[in-house]
Amino acid sequence: MFERINIENLPKGNILAFGEFYRNELNNSSLEILSPLKEVAQALNKKLILLFLIGSLEDIKNLEEIKKSLADEVWFVVNNELKDLKDDLYTEVLAQIVKSSQPYGLFFPATKIGMSLAPRVAGALKVGLCAHVNYLKVKDNQIIMSRPTYGENIIAKLVSKSSPVMATISLGAFNIKYGEREPLMKEIIFPENFSWSSKLKIRNFIPSKKKLTKLSTAKIVVSGGRGLKNKETFQKLFELAEILGAEVGATRPVCYEGWVEEERMIGVSGVTVKPKIYIGFGISGALQHTVGMENSEFIIAVNTDKDAPLVKMANLALIGDARKILELLLKKLKS
Amino acid sequence: MEKIIVCIKGVPEPGSVKVDPETHALKRESMELILNPNDRPALEMAVRLKNDYNIELVAISMGPPNVIPLLKHAYALGVDQMILLSDRAFAGSDTLATSYVLAEAIKKLSPFSLVLMGLKSIDGETAQVPPETASLLDIPSLTNVKSLFMKDNKWIAIREIEYGEEEVEVEGPLVCSVSPTAFEYIRPPSLKRLLEVKNKEPIVWQAGDLNLDSQKLGLKGSPTQVVEVIEKKIETKGIILEGETEELVEKLIEVLKEKALIKN
């Protein structure tokens, strides 16, 4: 079906992106990360390669999506042992590919799986790994990556002195774009003596009952922070979201307080949103949060503090008690 | 079964953050440090396993001497031995350099059956150190683990991924990062052990005690480097309205109608 290529003959020096494939389904985050990586690859005059580890070629449900992607080439490693996510085996396979193809960069989406695998691979290769990158650019032939730092209102630009350059890329930070040409498809053939063994055995899988949140692609986002004072008030955001056809987002502190699940965290270590309308209730706007929503088209802030960063960023800011405003708003909308 | 090791981290009390203006690394030695909140479930899981299997539990923390109270807190929860990994040379370590130090300390504690860590620290938030340490030790790792027990000499873990939960069987030893929501109840420290630990001090291991390669430590041993920082300046760009709740809500409804989010 695809061109078969021995691992030792892989083209060298390219940009590799890990394609997340779980139980026959492609995770869209793998297509998102191709958008910034394509620009990086072009600036460095390198090819962009999307890499999949899968159990069998018949398993690919999303082949059409993959064919439309920005990748110049798509590489598949196919082995029945790769059907389940086995962190140690996956690491070994990825490390072998890196050793043979000496890529310039290797990138993962910052999904739970990406964040489990990337550090193992970085450890195996003894190279640096940047986390939750939401910006990548090439300057003086070097990849510059950035993320906000903790406790300061600054963005740090980072480089990696080791090779390949490695990073996990923030979810939702980039839009999926499609390529002009169908990528070349290749199946990588591993040596006969490669061991496909793992110390992990997946015994059972219980699918999540919750639907994955559609936060990163939501057109309208209503988001809450500490200014809502308690979990009960925060939960009212779901009523508002229902009325407005919105998704609910949150700041880091309220996720840590347990007011809402971490999947709804907007910001550096959470999701990046780009809705048409973003409404923040009781959110002052720490950089940790604002990097995840600053590209919203129209921002409404509801906060007591006139000098809060989110109030300044907003197209419309209402200075008042977020809790009272939310409650009265709901009352009026329902009547 | 051999001993269990739990790694904990001191993170700045929110609001007390001090940053080195040149390197932009946190100045942990001059800050009030609290136990990383995500390490609490890791400690809880460690203490439960220790009690279930009646086995030695060792806590390690890498950091300046002001993390000692956190190790003592771990002791009061049920940890048997406290180890502080502390050396000026460790300052500014990125995740690879940190994982290197932890992995070497864990090797020195061999044999062991399990290493537990919190999912991620609330300061760095990378979540990289647990799998990276496991990789350097060349043993398996699982992240976001919500339950763990031993059966027929193998670990059985439930890990969370975006799509659901997987039950995984692992031939140990193993490194796990524990899900922040693994436990509804987290025990408080025991009063008896709090008194007991007053007269105890952790064992301190420096770079020399672990025969570490100085080229792999601290800021200069870290492959990821900050090259530039940009201050985010925010300028007021929109309309700021003050007034009574009633007025503000009316305005909000007006805008929502304008944007066609609600009908007239």
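Residues numbered from 1 in each chain as written. Chains lettered and ligands numbered in written order. Predicted model: local features only at pLDDT ≥ 70, side-chain atom pairs only at ≥ 80, totals over all residues. Heavy atoms only, no water.

## Section: the domain arrangement of chain A
Residues and elements named next belong to chain A. Domain boundaries assigned for chain A yield domain 1 (3-189) and domain 2 (215-334). The partner domain 2 presents 11 residues to the 16 residues of domain 1 that form the contact. By the criterion of area lost to domain 2, the three top residues of domain 1 are Pro-148, Leu-171 and Gly-172, representing 34% of everything that side buries. The partner of Lys-112 in a salt bridge is Glu-263, with the nearest N and O atoms 2.9 Å apart. Those elements that provide at least two residues to the side of domain 1 that touches domain 2 are strand E10 (142-148) and strand E11 (154-160). The class makeup of the residues in the side of domain 1 that touches domain 2 is 7 nonpolar, 6 polar and 3 charged. (Domains from an automatic or database assignment. Contact = heavy atoms within 4.5 Å. Buried area = accessible area lost by both parts, 1.4 Å probe. Salt bridge = Lys/Arg side-chain N within 4 Å of Asp/Glu carboxyl O. Helix = DSSP H or I, 4+ residues; strand = E, 2+ residues; numbered from the N terminus. Nonpolar A, V, L, I, M, F, W, Y, C, P; charged D, E, K, R; others polar.)

## Regarding the layout of surface pockets
Residue and element names in this part refer to chain A. Approximately 480 Å³ is the volume attributed to the second largest pocket. Along the walls of the second largest pocket sit 21 residues, with Asn-134, Tyr-135, Leu-136, Ala-173 and Phe-174 positioned nearest its centre. Of all the elements in the fold, those that place two or more residues in the lining of the second largest pocket are helix H2 (34-43), strand E9 (135-139) and E11. When residues of the lining of the second largest pocket are assigned to domains, at least three map to each of domain 1 (3-189) and domain 2 (215-334). (1 Å grid on protein atoms, 1.4 Å probe; cavity = no way out; pocket = protein on both sides within 12 Å on 5 of 7 lines; lining within 4 Å. Points joined across faces, edges and corners; volume = space filled by probe spheres on them.)

## A word on the interface of chain A and chain B
Taken residue by residue, the interface counts 81 residues in chain A and 78 residues in chain B. Counting the surface lost from both chain A and chain B, the interface buries some 7,400 Å², and carbon and sulfur atoms represent 60% of this. For the pair chain A and chain B, the interface holds 8 salt bridges. Where chain A meets chain B, there are 37 residue pairs in polar contact (both at pLDDT 80 or more). The biggest single contributor to the side of chain A that touches chain B is helix H5 (residues 112-125) of chain A, with 9 residues. In terms of residue class, the side of chain A that touches chain B is built from 45 nonpolar, 16 polar and 20 charged. In this structure, E11 of chain A lies alongside strand E12 (residues 224-231) of chain B, joined through 7 bridges in antiparallel fashion. Residue Ile-154 of chain A lies in a different strand from E12 of chain B, and its bridge partner there is Glu-231 of chain B. (Polar contact = N/O pair within 3.5 Å; in protein donor to acceptor, adjacent residues only side chain to side chain. Pairing = 2+ DSSP bridges.)

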